[in-house]
Amino acid sequence: MQIDIPEVKAEVEAAFARYETALVTNDVPVLDELFWVSLQTVRFGATENLFGAEEIAAFRAGRSPKGLAREILRTSITTYGRDFATASITFRREGSTRIGRQQQSWVRFPEGWRVVAAHVSLLDAPAG
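Model, not experiment: these values are computed from the prediction.

A look at the overall build of the protein chain
In terms of regular secondary structure, the protein chain is built from 3 helices and 6 strands. In the protein chain, the succession of helices and strands from N to C terminus is α-α-β-β-α-β-β-β-β. Taken against the 2.2 N^0.38 rule, which gives 14 Å for 128 residues, the C-alpha radius of gyration of the protein chain at 15 Å falls within 12% of a compact globule. In terms of overall dimensions, the protein chain has C-alpha extents of about 40 × 35 × 20 Å along its principal axes. Here the protein chain holds 128 residues, and the buried ones make up 43% of them. Restricting to contacts in the protein chain with at least 6 residues of sequence separation, those with at least 24 account for 48%. Total accessible area on the protein chain is roughly 7300 Å²; 56% of this is exposed by carbon and sulfur atoms.

This is the structure in structure tokens:
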């Protein structure tokens with residue numbers, strides 16, 4: 001298996017950038033599009049556990065559009081072959097000292113790259 005094939009990595013980076021823009025602008029249709037529409041799709045958030053695309057879409061539809069801006073501190077995108085990738089970031093929301101972590105598993109489907117599993121969590125800032 002080839003890791004980080006340049007053109008595949010570029011595709012995933014572009015899909016991830018599209019996701020990030022949609023997230024901070026609350027573009028719900030694009031967020032819904034970028035998650036695999038399946039009962040097997042899972043998203044664990046900072047305050048919620050969502051199983052299946054319907055639960056994820058309902059969460060997105062009901063979420064407040066306020067306070068979504070964030071600064072990405074570190075990004076790691078790795079592709080495995082031509083059809084699977086992980087995207088991991090750390091981030092900080094404006095006005096918060098907590099460090100956020102987001103990890104996604106992406107799969108290439110005929111309709112394009114889609115998130116099949118995601119996890120978001122928050123850590124208290126290191127003392128010091």
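Don't stop here, the text continues.
Overview of the environment of phenylalanine 59
Structurally, phenylalanine 59 is set in helix α3 (residues 53-62). In this structure, the C-alpha to C-alpha distance between phenylalanine 59 and glutamate 48, residues 11 residues apart in sequence, is 8.8 Å. Beyond its immediate sequence surroundings of up to four residues, phenylalanine 59 is in contact with Arg43, Glu48 and Leu50.

A few points about the pattern of salt bridges
It is possible for side chains bearing opposite charge to pair when their charged atoms get close. Tallying each qualifying case throughout the model produces 8 salt bridges. Measuring nitrogen to oxygen at the nearest pair gives 2.8 Å for the salt bridge that ties glutamate 33 to arginine 18. On the criterion of sequence distance, the pair formed by glutamate 33 in helix α2 (residues 28-34) and arginine 18 in helix α1 (residues 6-24) is long-range, its members being 15 residues apart. Residue aspartate 124 pairs with arginine 98 through a salt bridge whose shortest N-O separation is 3.3 Å. Pair noted here: aspartate 124 is in the segment after β6 (112-123) and arginine 98 is in the loop between β4 (84-93) and β5 (99-109), with a separation of 26 residues, a long-range link. Here the salt bridges share partners, and the residues they tie into one network are Glu11, Asp83 and Arg108.

Considering the sheet that holds β5
One open sheet holds the 6 strands; their spatial order is β2-β1-β6-β5-β4-β3, and the pairing between them is mixed. Edge positions in the sheet fall to β2 (49-51) and β3 (70-80), since each has one partner strand and no second. Across the sheet, the axes of successive neighbouring strands diverge by a mean angle of 15°, strand direction being ignored. Both strand β1 (residues 42-44) and β2 contribute to a ladder of 3 bridges, which runs antiparallel. Its bridge partner being in β2, phenylalanine 44 is matched across the sheet by asparagine 49. Set on the sheet, α1 makes contact with β3, β4, β5 and β6; between it and β3 the angle comes to about 150°. Docked against the sheet, α3 engages β1 and β2, running at close to 130° with respect to β2.

A closer look at unusual backbone geometry
At aspartate 4, a residue that is not glycine, the phi angle is positive and equals roughly 60°. In this structure aspartate 4 comes out as partly exposed when scored by relative accessible area, which is 28%. Of note in this structure, asparagine 26 is not a glycine but carries a positive phi near 55°.

Here's the deal with the side chain of serine 88
One can find serine 88 in strand β4. Within the structure, the side chain of serine 88 is placed 2.9 Å from the side chain of glutamine 103, a separation counted as a polar contact. Leaving out residues up to four positions away in the same chain, serine 88 has contacts with Arg74, Thr75, Ser76, Gln102 and Gln103.

Conventions and cut-offs
Residues numbered from 1 in each chain as written. Predicted model: local features only at pLDDT ≥ 70, side-chain atom pairs only at ≥ 80, totals over all residues. Heavy atoms only, no water. Helix = DSSP H or I, 4+ residues; strand = E, 2+ residues; numbered from the N terminus. Rg over C-alpha atoms; globule rule 2.2 N^0.38 Å. Buried < 20%, exposed > 50% of the residue type's maximum accessible area, 1.4 Å probe, protein only. Contact = heavy atoms within 4.5 Å. Areas by Shrake-Rupley, 256 points an atom, 1.4 Å probe, with all protein chains shown as cover. Salt bridge = Lys/Arg side-chain N within 4 Å of Asp/Glu carboxyl O. Pairing = 2+ DSSP bridges. Axes fitted to C-alpha atoms, helices over the stretch in contact; angles between N-to-C directions. Polar contact = N/O pair within 3.5 Å; in protein donor to acceptor, adjacent residues only side chain to side chain.

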